[in-house]
Each structure stands twice: as structure tokens, then as C-alpha cells.
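What follows is the residue order along each chain.
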Amino acid sequence: MIRYDFENSMGFVVNMTAKAFQKSFDIELRKTAGVSLSQWRVVGALVIQPGLTQKEIADKVGIEGATLVPIIDKMEKEGLLKRKPDSSDRRVNRIYLTQKADSLWESMVECALKIRKSSTKNISENDIQTTLETLRKISQNLASFSEIDKAVVSVKKINRMV
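Residue numbering note: each chain is counted from 1, following its sequence as written. Totals for whole chains, interfaces and linings use every residue, but because this is a predicted model, local features are given only for residues with pLDDT of at least 70 and side-chain atom pairs only at 80 or more, for both listing and counting. Side-chain measures were taken over the full set of non-hydrogen atoms in the model, leaving aside hydrogen atoms and water.

1. Examining the environment of Ala 112
Link 1 in the chain: As for its placement among the helices and strands, Ala 112 is situated in helix H5 (residues 99-119).
Link 2 in the chain: A 1.4 Å probe rolled over the protein chains alone gives each residue an accessible area, and that area as a share of the maximum for its type sets the label: buried under 20%, exposed over 50%, partly exposed in between. Judged by its relative accessible area of 25%, Ala 112 is partly exposed.
Link 3 in the chain: Separated by 39 residues in sequence, Ala 112 and Asp 73 have C-alpha atoms that sit 24 Å apart.
Link 4 in the chain: Contacts between residues were defined by any pair of non-hydrogen atoms, one from each residue, lying within 4.5 Å. Every residue in contact with Ala 112, bar those within four places of it in the chain, is listed here: Phe 25 and Trp 40. Counting from the N terminus, the helices are DSSP H or I runs at least four residues long and the strands are E runs at least two residues long.

Take a look at the structure:
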């Protein structure tokens, strides 16, 4: 059997780091702003582009629509956002932040900056920038790999049909 050192693999370390970021950020957001990490993601998407549909928000934050619905429902109940029917298609709701969410945005950003500062303690700015550049390149490589993999699967399916 081939041995593989999971704990020192890049994927494992990146995944564990991401989980640590998410957990720390969620704790800080709940403590300081009274919102969850999931709610932060929704607010962040709507700060960038107000009036998104639920599907558009789900796509932007990387979750399934069915997972997003209870988050949106809770946020609406808490007065953080409101649904408005789309002017051209009444079956579609557009989502907008309320004044309450707007007033929390600054404290949410402060939470993000606090976690960034804590996570990069004793790391030079140069090392941080190198890490970010490297992670972006890895992400691009994996996106290309995934696209190539999808193309191979499609070709195999076509070949089976012929």
C-alpha cells in the first residue's frame, strides 16, 4: 500500500486553515455583531450587489438554494433584509439589506480585520502577499484541472453513445 502523509499535504493544511478561519470568524461575528458567518456571507454579497435573487446569492456564496432559504428567512425575521418582488417577474424576489444590516456592516468588517490581524501575527507582509499569490495560482490550476476533467468526462460520455 502506498503511504501518504495527509497532515502535511497542501490540501489538508489549506482545509484545516480554512476551517479555523471560519470558526474564529463565526465566533467573533456572533459575539460582536450578533450575526453568523452564513449571514455575513449574505450581507457581503448584498453590499457588493443589492437586489440579488436568492439563487444569485446562493451562487455567489457557494451554497445550495435550499440551504440559503432558512438563512434568508431568519435574516428577514431579524430585520436584516427584506424581499421585494422583481418588477419584471413577480415570481422572483429581490433581496435588499435593511438599515439595521447597514448599521452592523462596520462592526462586521472590524471582526474580519481582527481575525486577519490575529491570523497573520508574526508573519511578514511579504510572506502574506506571497502566500496569497501562491494560493490564487493553486486555485487557478485546480479550476483548469477541473475544466479539463469535465471535458474528458464529456468526451467519454459521447464516445459511449457513439
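2. So, helix H1 (residues 10-32)
Link 1 in the chain: Given a helix with a known number of residues, its expected span is that number minus one, times 1.5 Å. Here H1 is 23 residues long and its end C-alpha atoms lie 32 Å apart, about the 33 Å a rise of 1.5 Å per residue gives.
Link 2 in the chain: Buried residues of H1: Phe 25, Asp 26, Glu 28 and Leu 29, and no others.
Link 3 in the chain: Two residues or fewer past H1, Gly 34 is found with a positive phi of approximately 75°.

3. A look at the pattern of salt bridges
Link 1 in the chain: A carboxyl oxygen of Asp or Glu within 4 Å of a side-chain nitrogen of Lys or Arg is what we treat as a salt bridge. On inspection of all chains with the given rule, the structure shows 10 salt bridges.
Link 2 in the chain: In this structure, Glu 28 and Lys 31 form a salt bridge, with 3.3 Å as the shortest nitrogen-oxygen distance. Of the two residues, Glu 28 and Lys 31 are both situated in helix H1; the distance of three residues between them amounts to about one turn of the helix.
Link 3 in the chain: Across the pair Asp 73 and Arg 83 runs a salt bridge, and its minimum N-O distance is 2.7 Å. Taken together, the residues Asp 73 in helix H4 (residues 65-77) and Arg 83 in strand S1 (residues 81-85) connect sequence positions 10 residues apart.
Link 4 in the chain: Through salt bridges with shared partners, a single network forms among Glu 28, Lys 31 and Lys 114.

4. Regarding the layout of surface pockets
Link 1 in the chain: Taken as a whole, the largest pocket holds about 530 Å³ of empty space.
Link 2 in the chain: Using protein atoms alone on a 1 Å grid, points that fit a 1.4 Å probe yet trap it form a cavity, whereas open point sets bounded by protein on both sides within 12 Å along at least five of seven lines form a pocket; residues with an atom within 4 Å of a point count as lining. If you go around the largest pocket, you meet 14 residues; those closest to its centre are Thr 17, Phe 21, Thr 131, Leu 132 and Leu 135.
Link 3 in the chain: Sorting the residues of the lining of the largest pocket by element identifies H1, H5 and helix H6 (125-161) as the ones contributing at least two each.
Link 4 in the chain: If one sorts the elements of the lining of the largest pocket by residue count, H1 sits on top with six residues.
Link 5 in the chain: Throughout, the ten residues Ala, Val, Leu, Ile, Met, Phe, Trp, Tyr, Cys and Pro are labelled nonpolar, Asp, Glu, Lys and Arg are labelled charged, and all others, Gly among them, are labelled polar. Split by residue class, the lining of the largest pocket holds nine nonpolar, four polar and one charged. Grid points are joined across faces, edges and corners, and a volume is the space filled by probe spheres set on the points.

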